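This is what each chain is made of:
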Amino acid sequence: MSNSFFKRFKKEEEPPVIEEEAPVWEDRIIWVSVLQKIAFPVLNNLARGSLRKNMPFESNNAEGQKFSYLEAFARVFNGIAPWLELGADASQEGKVREKYLQLTLKCIKNAVSTNNNDYIFVVEPKQSLVEVALFAQGLLRAKTQVWLNLPMDVQARIIREFKNTRIIAPYENHWLLYTSIIEAALLEFTGECDKERLTYAISKFRDELYIGDGIYSNGEDFEAGYFNSLVIHPMLNDVLVVMRKYGLQEGELLDVQLMRSSRLASQLERMISPEGTYPLLGKALSYRCGIFHLLSQAALLKILPRNISPAQVRSALTKVIQRQFSGNQNFDSEGWLICGFNGSQLEICENNIDTGSLYACCAVFLPLGLKPEDMFWKAPSEDWSSLKAWNGQPIQPDQSINF
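Below you will find a few notes about this structure. In this text the structure is predicted, and so the values were computed from the model without any measurement.

**Section: the environment of Ala201**
So, point 1. In this fold, Ala201 is placed in helix α9 (residues 195-207).
So, point 2. Classification of Ala201 as buried rests on a relative accessible area of 1%.
So, point 3. Along the chain, Ala201 and Glu172 lie 29 residues apart, while their C-alpha atoms are 8.7 Å from each other.
So, point 4. In this structure Ala201 touches Leu176, Leu177 and Ser180, once residues within four positions along its chain are discounted.

**Things to note about the packing of helix α8 (residues 175-190) against helix α10 (residues 227-245)**
So, point 1. Axis separation between α8 and α10 bottoms out at 9 Å; the angle between their running directions is 30°. The angle between α8 and α10 places the two elements in the roughly parallel class. Considering the relative orientation of α8 and α10, their crossing is left-handed. Facing α8, whose interface residues are Leu177, Tyr178, Ser180, Ile181, Ala184, Leu187 and Glu188, α10 presents Val231, Ile232, Met235, Leu236, Asp238, Val239, Val242 and Lys245.
So, point 2. For the contact of α8 with α10, the class distribution of residues is 11 nonpolar, one polar and three charged.

**Section: the pattern of salt bridges**
So, point 1. In the structure shown here, the tally under the stated rule is 23 salt bridges.
So, point 2. Here Asp238 and Arg141 are joined by a salt bridge, their closest N and O atoms 3.3 Å apart. Of this pair, Asp238 sits in helix α10 while Arg141 sits in helix α6 (residues 127-141), and the two are 97 residues apart along the sequence. Arg141 carries the same exposure label as Asp238, and that label is buried.
So, point 3. Residue Lys204 is joined to Glu208 by a salt bridge in which the shortest nitrogen-to-oxygen separation is 3.0 Å.
So, point 4. Judged by its relative accessible area of 14%, Lys204 is buried.

**Some remarks on unusual backbone geometry**
So, point 1. Positive phi is not limited to glycine here, since Ala284 has a value of about 65°.
So, point 2. Looking at the secondary structure, you find Ala284 in the loop between α11 (254-271) and α12 (293-301).
So, point 3. What makes Ala284 buried here is its relative accessible area of 2%.
So, point 4. Backbone geometry at Lys302 places phi at a positive 60°, although glycine is not the residue there.
So, point 5. One can find Lys302 in the loop between α12 and α13 (310-325).

Analysis parameters
- Residues numbered from 1 in each chain as written.
- Predicted model: local features only at pLDDT ≥ 70, side-chain atom pairs only at ≥ 80, totals over all residues.
- Heavy atoms only, no water.
- Helix = DSSP H or I, 4+ residues; strand = E, 2+ residues; numbered from the N terminus.
- Buried < 20%, exposed > 50% of the residue type's maximum accessible area, 1.4 Å probe, protein only.
- Contact = heavy atoms within 4.5 Å.
- Axes fitted to C-alpha atoms, helices over the stretch in contact; angles between N-to-C directions.
- Parallel < 35°, antiparallel > 145°, perpendicular 65-115°, else oblique.
- Left-handed = near helix turned anticlockwise from the far one by under 90°.
- Nonpolar A, V, L, I, M, F, W, Y, C, P; charged D, E, K, R; others polar.
- Salt bridge = Lys/Arg side-chain N within 4 Å of Asp/Glu carboxyl O.

Taken by themselves, the reported measurements are silent on function.
What follows is the structure, given as C-alpha cells:
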C-alpha cells in the first residue's frame, strides 16, 4: 500500500474537494478510494455543520429538498457502516477508517441537534420514513463502533426521532420494511418496540408477496427492477436477525430468507457483463451500483451460493465500481454526485429522486466490513459468470429454487 493514497484524506480546515483519482492497485484499495471520493463531501460538510449550505440540490421535483440532506447522510452511512464497524487499527487503512469513524460520530451529533445548522431529521410524511429507516439500518450494522460510542443524550435524541416516525403510515409495499427496521433498531437498542409495526411487514412478505425463485412482489402489482436487491432482501435479512435474537416467532423465517437471498445474489452476479455493465431495468437506476446492495450483503454475511466464489463477486463488483466511478463523469466540480446513471442524465431520474438519493450507491461497499485477510479480499482475482461464459470457459447452468 502506498502512503500517498492514505494521506489524501483532507484536513478539517480545508474545503471539500474531489480527492484525486487513485491508481489501479489491489481491489480493496480501489474500493476504499472510491468510498472516500463519494462519501467525503457529505461527511466532511455535515461534521462541520455546513451540509445545508454547501450541498447542491438537483431534481425534477423541488419538494424533496427538505429531505435531501438526511438522504445523503443516511445512505452514505448505511453503506459504509460495516467498514466503520471494523474500528481503528494500526494499519494505514485502519487510520483512514478511524478518521471516517470520528467524522461519522460528529455527523450524527450535528444531525440530531435541534440547535445546529445541520439538524436534518425532518419528520414529515412520507419521505423521512425512508431515510430514518436507512439510518437505523446503518446503526444496526455499526452498533459497537458507532451506536455505543455516541453520548447518552445523542442516543436519547435518536430514539425520540425513531419513535416520531410512528405517525407515518407506510405504503403497502417495500415501505412496510422501513417501519420494521426502525422498530428492530428500537428493540436492539432499548429492548422495547411496537411489535405490530415490527412484524406486519414480515408477515406480509412471507405470506402474500413471495412470487418464487428468490423474488418478492413489491406490493400487489409486480414490476421488474432492482427493489428486491435495493431494499426488500437486505431489510428482511437485518430485521429477521434481530427478531431471531429476541426469540420472536416471525424470526423463524430467517433461514429460508437467507437461502432466498443467496439465490437472488446468484442472479445479480450473472447480470454483470464482462465490461462491468448491467441491465437498465425498472426504477432507481440513478442509484448506480447501489442496485447490487443484496449481492454485497450476501458477500458480507457469507451466504453466497456454493457455485459462486467470493473472489469472482469481488472481481465483478470491482469492475462495476471502476466503470462508474474511476472517472469524474458522475461528479460535479465540487465532488458531489450528479443526477443520472453514467453522467448528467436527469431525465432518467424519477420525481422522488434528488441529489441526496444518489448516495444509495454506497450500498455496494458493504463487503469492506470483511477484514482484509478474509478470502473475499485475499483470494486471487477470478472471472465472474458472464466473463467466463463469453470467453468460452466452463460455466455451470443457472439453477432456480422452489422454496
